[in-house]
Amino acid sequence: MKFFVDTADVKEIRELNDLGLVDGVTTNPSLILKSGGSIADVTKEICSIVEGPVSAEVVATEFKEMMREAETLAKLADNVCIKVPLTLEGLKACKAIRTQMDRMVNVTLCFSANQALLAAKAGASFVSPFIGRIDDIGLDGMELIAEIRHIYDNYGFDTEILAASARTVNHIKQSALIGADVVTAPPAVLKALVKHPLTDKGLEQFLADWAKTGQKIG
Ligand code: E4P
């Protein structure tokens, strides 16, 4: 399973990348706002740190303008993956970007299995179902991941399921169990994966006993 980090914070990306935990990055207009930088500068810097796909989102809602923005974003770096919304215009742009520009496309804001089916038919490289936002309205985000996995496997679609809006370590575990290809999560959630109270307790005990031996290694 690939780990993408869901942030435009360059410092956090660098830290996680050094830990070997970053296979790619997802950004969106809200994350760019939070970063305080320009989309061009921030995206370029992230792409210089991370080798994998870095999603940068178009903000136009109409096909022609989406294509113009996609071309601008694609020029920033070879590993920019163009993010388009799951609308009819977005799907049209997805198909055109894949066939005419030969670029990766991440179709975002997916909230139903039928939408994911459309993204696959448009040739998306990734589809982003938003687990956390589905949970927020009292439904089960994981159920959607399972449905999409089932449908894609039925037909051999090679669009990768990018479980997005992951807010907890349990979202990551469930996505892995179901077989999502990728999960994107904020840095704090990725770092929390390492935590277990028995690891902390065990380490504390080993270090205490080691001190009693009075030995040193090397
Ligand atoms: C995915 O690409 C989005 O940037 C992200 O996962 C949205 O997460 P949120 O619902 O926590 O804002």
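For the structure itself, consult the block above.
Structure report, in brief. The structure presented is a predicted model; accordingly, all values stated were derived computationally and were not measured.

Running from N to C, helix α4 (residues 63-74) and helix α5 (residues 88-101) point in directions that differ by 45°, and their axes come no closer than 9 Å. In terms of orientation, α4 and α5 fall into the oblique class. Pair α4 / α5 crosses with right-handed handedness. Across from Phe63, Met66, Met67, Ala70, Glu71 and Ala74 in α4, the residues of α5 making contact are Glu89, Gly90, Lys92, Ala93, Ala96, Ile97, Gln100 and Met101. Of the residues in the contact of α4 with α5, the class split is 9 nonpolar, 2 polar and 3 charged.

Any pair of aromatic rings gets described here by the distance separating the centres and the angle formed by the planes. Evaluated as defined, the whole model comprises 4 aromatic pairs. Relative to Phe157, the ring of Tyr155 lies with its centre 6.1 Å away and its plane at 45°, an arrangement referred to as tilted. Classification of Tyr155 by relative accessible area gives exposed; the value is 61%. In textbook terms, an aromatic cluster arises when at least three aromatic residues are bridged by ring pairs, as seen for Tyr152, Tyr155 and Phe157. The ring of Phe63 has Lys92 lying over it, and the distance from NZ or CZ to the ring centre is 4.5 Å.

As a further point, take helix α9 (residues 169-178). Within the span of α9, buried status applies to His171, Ile172 and Ser175. Buried residues of α9, viewed axially, fall in a sector of 100°; they line one side. Once α9 finishes, Gly179 follows within two positions and takes phi at roughly 105°, a positive value.

Since the α-helix turns once every 3.6 residues, residues separated by three or four places project in the same direction. Val42, Thr43, Ile46, Cys47 and Ile49 are the residues of helix α3 (residues 39-49) that are buried. Each buried residue of α3 sits inside an arc of 160° when the element is viewed along its axis, so together they form one side. In this structure, α3 carries Asp41 and Ser48 as exposed residues pointing more than 90 degrees from its buried face.

Calculation notes
- Residues numbered from 1 in each chain as written.
- Predicted model: local features only at pLDDT ≥ 70, side-chain atom pairs only at ≥ 80, totals over all residues.
- Heavy atoms only, no water.
- Axes fitted to C-alpha atoms, helices over the stretch in contact; angles between N-to-C directions.
- Helix = DSSP H or I, 4+ residues; strand = E, 2+ residues; numbered from the N terminus.
- Parallel < 35°, antiparallel > 145°, perpendicular 65-115°, else oblique.
- Left-handed = near helix turned anticlockwise from the far one by under 90°.
- Contact = heavy atoms within 4.5 Å.
- Nonpolar A, V, L, I, M, F, W, Y, C, P; charged D, E, K, R; others polar.
- Phe/Tyr/Trp six-rings, centres within 6.5 Å; stacked < 30°, edge-to-face > 60°.
- Buried < 20%, exposed > 50% of the residue type's maximum accessible area, 1.4 Å probe, protein only.
- Lys NZ or Arg CZ within 6 Å of the ring centre and 35° of its normal.
- Arc of directions from axis to C-beta.

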